[in-house]
Amino acid sequence: MSFREKIDKLKKPFEKGGKYEKYRPAAQAFDTFLFVPNETTKTGAHVRDAVDLKRVMMTVDLALIPALLFGIWNAGYQYLSQIQTEVGLWEAVGLGLTKVIPMILVSYIVGLGIEFIFAVKRGHDVNEGYLVTGLLIPMIFPIDTPLWMIAVSVAFAVLLGKEAFGGTGMNLLNPALTARAFAFFAYPTYMSGGEVWVMNAGKVDGVSGETILGKLALNDDIAYSTSDMLMGMIPGSVAETSVYMILIGAAILLFTKVGSWRIMLSALIGGIVMGLIFNVLPANLTNGLTSFPWYQHILVGGFMFGVVFMATDPVTAAQTIKGKWIYGFLIGIFSIMIRVVNPAYPEGVMMAILLMNVFAPTIDYYVVQANIKRREKRLETTTLKSA
Amino acid sequence: MATDIKVKRGYDLKLVGEADKKKVPTSSPRAFAVKPPNFHAVIPQLLYKKPGAHLKAGEELFFSKYNEKVRFTTPVSGTIQEIVRGERRRVMEIVIAPDAEIEFKDFGKLAVDSADAEALKARIFESGCGTFIRQRPYNVVANPEDVPRDIYISGCSTAPLAADPEFILEDQQEEFQAGVSALAKLTTGKVYLGLRKGSSSFLRSVRDVHLVEVEGKHPAGNVGVQIAKTKPINKGERVWTVGPEDVAIIGRLLLTGRFDARRTVAVVGSDAQTRQYFKTRVGVSVDALVGKVDTSKTRLISGDVLTGEKLAANGYMGWFDNTLSLIPEGNQYRMFGWLPFRHNGIPSKSHTSFSWLFSGKKYKVNTSLNGEERAMVMTGEMEEVMPLDIYPMQLLKACLAGDIEKMEQLGIYEVVPEDFALVDFVNSSKVEAQDIIQMGLNIMITEVG
């Protein structure tokens, strides 16, 4: 019996008329994870592209892996380098894994669990969107976030951020950022401040866990060079720190055309423009962030990660070509603006993207309206001519 | 004078199995059929409810319930063999067993140059040739009471493996010219003829037309694109479109007085045994062209692989189709097939496969859906194959919602399902775009008319 036949046999009770017919979407989700189904075209075009949603989502996951691997190492390194003089590669990775793997597991189990329940209840197949969201969430949380907190945030994001709007493809807000924003407002002490960004910083004396942006907001000096920021050996959310690794991900997204180059580029431009504007203003207008050089603004914090992986989420971004330019540019502008001007919170990318998620449909509305107007005008001129 | 159009947003799906440029006659086909579902929004009023009647070619089989001037006649002389009905007794096929020698009903010759528009129109619709004229918006049979703004003929095809109209028309030059001249009298505007830029066929010297020089990727050859790029359809306007060989049938009617519905069919596709052009008549039984085909392994498609109609092994060619595509059925599982850059032998416009890098390669393609239907998530992929000034995803959503005002605003009058064929192909959510557009058109027909 071939492997495929074994699966068909296992799946039998879940098919139509079977004992567990109700749970077909769940069984189907596992099956399609192993095999692309044998479904053929019924109507419409008889031949189809090799791409499907699962392949698209897996491409994004693939693009996230360099940043994730670096994040795992950096999690261990940031802590160990403060308590001992030499840190081995595998020592740091090992320590990082003990922290990050449970976070990923919790995110996937809780999130996919909810998705499965809704798929079974609504009788539709499980959409692949959560494959990406589930990996993104642990990557954008501080390393010391308690696991139950991640579980609660995931549940909130999937239930209220996504399923309440009708599920995959319908949500207004990026689910991963919704989870983070929820945690940020519900448990602020765990999500900001000087003690959460490095493992055990709150518990072990002598270990500090302040991010660059956090220090600047307090007008402290920073001890990191531009190359540190590029490399990413700095404190921060799990996988946001290494610009190099994020750029590898960006290259994958751009090569495969899965991520919109328009959004990435326009957000980068927006960030640079806003950074330059603050740079020419008098120093220390608000705090140390005003005079923080524009190119370093782009490199630190979650800016690059947000622009490459979160702003480009096709469901919550603007959907029209022109809309994407506007949407991306404003994300860049607002990210840096919130960073510098808002005294309570030294990072602005999350808020900027969520804000633009809300406005993306409005931007699209006006872009599409231009097409409608053009059509109406054409009608008008032809009726005038014939009259 | 000619208009140049260039299509950048599109996709050439290159497949193995092109037909040789060779025309052969078909050996006595078993039967021919007229299939009412080929004509959207036509409810047939049958003249013969039971099999047995003997008819000459050009004699009436049925007419449209809503317009008795739109008459459907038999393409061959013979005996009505069977009337096949589907769900709710809908008439699916009227099968005619042909005579050995075709007898024609004589409609009388009509000199195109001296005849007036009304006489031409009456003759064309009376003989059944009117069924070859399709109206946009809605993609329905033209209404003889209308005077169309313009008439469009596409003399080039860019669809995968589609028959080449220039080759088909080579030996029907005189008829084609007569047809074009007649059509030119039916419109207040012009007859537009789309030709591939740089082609050197006789079509270039056809009179009474405005040439449209077409360049670029599929769907450049689609008449819908040629309309949109020359003079898009506005609300309230009516444009007619006619297939290239159908113009010759109209011409032949006027020159000879006969409804002589000859059809040259290209048999194509990787599963076809002999790939060449067959000279036959409209609605021929496909076994006359390809013999016995095991449809559990091979899909028979009347038309091209993007827009055609799936046929049974004993099925009949569609009324308008001049291509018969045979491709393998794709009933197989692919382990971890969702991994990016796996199975690069499947054609893909998406860059998540390496197949886009080999743009010159011809693919053997099967009918696999390569996934399952999902929510619309990715944006931008539909736009890349939509050369019309239309927001495809927004229009699809308006159709799904049945929002008439939105559909109208977003350009439903300018499209027919075939304009969304490539959207079917490329979209990663496996959304049935052509079905959705047809659904939208159906709503418009019943609600707006």
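In the block above lies the structure referred to throughout.
Residues numbered from 1 in each chain as written. Chains lettered and ligands numbered in written order. Predicted model: local features only at pLDDT ≥ 70, side-chain atom pairs only at ≥ 80, totals over all residues. Heavy atoms only, no water.

Enquirer: Describe the interface of chain A and chain B, with residues and values.
Expert: Accessible area lost during the coming together of the parts is what is often quoted as the interface size. On the chain B side, the residues contacting the 57 residues of chain A number 77 residues. Here chain A meets chain B over a buried area of about 6,200 Å², counting both sides, of which 55% is carbon and sulfur. Counting the surface chain A buries against chain B, the share from its top three residues, A:His46, A:Arg48 and A:Arg55, is 14%. Where chain A touches chain B, the interface holds seven salt bridges. (Contact = heavy atoms within 4.5 Å. Buried area = accessible area lost by both parts, 1.4 Å probe. Salt bridge = Lys/Arg side-chain N within 4 Å of Asp/Glu carboxyl O.)

Enquirer: Could you give me a rundown of a positive patch on the surface, with the residues and numbers involved?
Expert: On the surface, B:Lys6, B:Lys8, B:Arg9 and B:Lys229 cluster together into a positively charged patch. The topology assignment puts B:Lys6 in strand 1 (residues 2-7). (Patch = residues over 30% accessible without salt bridge, like charges linked within 9 Å, V, L, I, M, F, W, Y side chains within 5 Å. Areas by Shrake-Rupley, 256 points an atom, 1.4 Å probe, with all protein chains shown as cover. Lys, Arg positive; Asp, Glu negative; His and termini not counted. Charge placed at Lys NZ, Arg CZ, Asp CG, Glu CD. Helix = DSSP H or I, 4+ residues; strand = E, 2+ residues; numbered from the N terminus.)

Enquirer: I'd like to hear about the pattern of salt bridges, residue by residue, with values.
Expert: The final tally for this structure, using the stated rule, is 45 salt bridges over all chains. Among the ionic pairs, B:Lys197 bridges to B:Asp4, the shortest N-O distance being 2.8 Å. Taken together, the positions of B:Lys197 in the loop between strand 13 (191-196) and strand 14 (210-216) and B:Asp4 in strand 1 put the pair 193 residues apart, joining distant regions of the chain. Overall, B:Lys197 belongs to the partly exposed group, its relative accessible area being 39%. Here B:Arg136 makes a salt bridge to B:Glu418, at a shortest N to O gap of 3.8 Å. Here B:Glu418 lies in the loop between helix 8 (404-410) and helix 9 (421-426) and B:Arg136 lies in strand 10 (residues 133-136), a separation of 282 residues in the sequence. Linked by salt bridges that have partners in common, A:Arg4, A:Asp8, A:Lys11, A:Glu15, A:Arg24, A:Asp31, A:Lys54, A:Asp125, A:Glu128, B:Glu372 and B:Arg374 make up one network. (Buried < 20%, exposed > 50% of the residue type's maximum accessible area, 1.4 Å probe, protein only.)

Enquirer: So what's going on with helix 10 (residues 433-447) of chain B? Residues and values would help.
Expert: Residue and element names in this part refer to chain B. Helix length check: helix 10, at 15 residues, gives a terminal C-alpha distance of 21 Å against a target of 21 Å (1.5 Å per residue), a fit within 8%. For helix 10, the set of buried residues is Ala-433, Gln-434, Ile-436, Ile-437, Gln-438, Gly-440, Leu-441 and Met-444. If you follow the buried residues of helix 10, they end up packed against helix 7 (392-401), helix 8 and helix 9. Just past helix 10, the residue Gly-449 takes up positive phi, approximately 85°. (Expected span 1.5 Å × (residues − 1).)

Enquirer: Summarise the layout of surface pockets; cite the residues concerned and give the values.
Expert: Roughly 980 Å³ of volume is contained in the second largest pocket. If you trace the second largest pocket, you find 40 residues lining it, with A:Gly169, A:Met170, A:Gln319, B:Met393 and B:Lys397 closest to the centre. Looking at the lining of the second largest pocket, the elements that each hand over two or more residues are helix 4 (89-122) and helix 16 (349-386) of chain A together with helix 7 and helix 8 of chain B. In terms of residue count, helix 16 of chain A provides more of the lining of the second largest pocket than any other element does, eight residues in total. Class assignment for the residues of the lining of the second largest pocket results in 18 nonpolar, twelve polar and ten charged. (1 Å grid on protein atoms, 1.4 Å probe; cavity = no way out; pocket = protein on both sides within 12 Å on 5 of 7 lines; lining within 4 Å. Points joined across faces, edges and corners; volume = space filled by probe spheres on them. Nonpolar A, V, L, I, M, F, W, Y, C, P; charged D, E, K, R; others polar.)

Enquirer: Provide a residue-level description of the packing of aromatic side chains, including the pertinent values.
Expert: Counting across every chain of the model gives 33 aromatic pairs over all chains. Summarising the aromatic geometry, the rings of A:Phe3 and A:Phe35 are spaced 5.9 Å apart at their centres and angled 45° between planes, so their arrangement reads as tilted. Taken together, the residues span a long stretch of sequence, with A:Phe3 in helix 1 (residues 3-11) and A:Phe35 in strand 1 (residues 35-36) at a distance of 32 residues. What makes A:Phe3 partly exposed here is its relative accessible area of 43%. Taking the centre distance of 5.0 Å and the plane angle of 75° together, the rings of A:Phe184 and A:Phe185 count as edge-to-face. What makes A:Phe185 exposed here is its relative accessible area of 59%. Ring pairing ties together the aromatic residues B:Phe39, B:Phe62, B:Phe72, B:Phe132, B:Phe259, B:Trp319 and B:Phe320, which thus form one cluster. (Phe/Tyr/Trp six-rings, centres within 6.5 Å; stacked < 30°, edge-to-face > 60°.)

Enquirer: Break down empty space enclosed by the protein for me, with residues and values.
Expert: Rolled over the atoms, a probe with the dimensions of a water molecule shows which regions are left empty. Residues and elements named next belong to chain A. Counted according to the given criterion, the structure contains four cavities of 30 Å³ or more. Space inside the largest cavity adds up to approximately 300 Å³. Lining the largest cavity are 24 residues, with Met-57, Gly-129, Val-132, Asp-313 and Pro-314 sitting closest to its centre. Ranked by residues supplied to the lining of the largest cavity, first place goes to helix 5 (residues 129-139) with four residues. Grouping the constituent residues of the lining of the largest cavity by class yields 14 nonpolar, eight polar and two charged.

Enquirer: I'd like a rundown of the pairing of strand 20 (residues 323-328) of chain B, residues and numbers included.
Expert: Residues and elements named next belong to chain B. Counting buried positions over the six residues of strand 20 gives six, a clear majority of the element. Across the two faces of strand 20 the burial is the same, with Thr-323, Ser-325 and Ile-327 and Leu-324, Leu-326 and Pro-328 all buried. Direction of pairing for strand 16 (residues 262-268) relative to strand 20: parallel, over a ladder of three bridges. Within strand 20, the position partnered with Ala-266 by the bridge is Thr-323. Pairing analysis gives five bridges linking strand 18 (residues 298-302) to strand 20, with the strands arranged antiparallel. Residue pairing for strand 20: Thr-298 is matched across the bridge by Pro-328. (Pairing = 2+ DSSP bridges.)

Enquirer: Could you give me a rundown of unusual backbone geometry, with the residues and numbers involved?
Expert: Trans is the prevailing form of peptide bonds, just as negative phi is the prevailing case for residues other than glycine. Residues and elements named next belong to chain B. In this model, Arg-136 is joined to Pro-137 through a cis peptide bond whose omega is 0°. Here Pro-137 is to be found in the loop between strand 10 and strand 11 (140-141). Residue His-218 is joined to Pro-219 through a cis peptide bond whose omega torsion reads 10°. A positive phi angle, near 65°, is found at Ala-41, a position not held by glycine. The residue Ala-41 is located in the loop between strand 3 (32-34) and strand 4 (44-46) in this model. Given the relative accessible area of 46%, Ala-41 is considered partly exposed. A positive phi angle, near 55°, is found at Lys-430, a position not held by glycine. Residue class for Lys-430 comes out buried when judged on its relative accessible area of 1%.

Enquirer: Account for the nonpolar core, naming residues and giving values.
Expert: Grouped together as the largest cluster of nonpolar side chains are 165 residues, with contacts concentrated most on A:Phe305, A:Tyr327 and B:Phe420. Here this core takes 14 residues from helix 3 (residues 53-83) of chain A, the largest share from any one element. Once residues lying within four places of it in the same chain are set aside, the contact partners of B:Phe420 are B:Met386, B:Ile390, B:Pro392, B:Leu395, B:Leu396, B:Val415, B:Ala433, B:Gln434 and B:Ile437. Formed by 74 residues, the second largest nonpolar core is a distinct cluster that contains B:Ile80, B:Ile96, B:Leu203 and B:Ile249. (Core = buried A, V, L, I, M, F, W, Y, C linked by side-chain atoms within 4.5 Å.)

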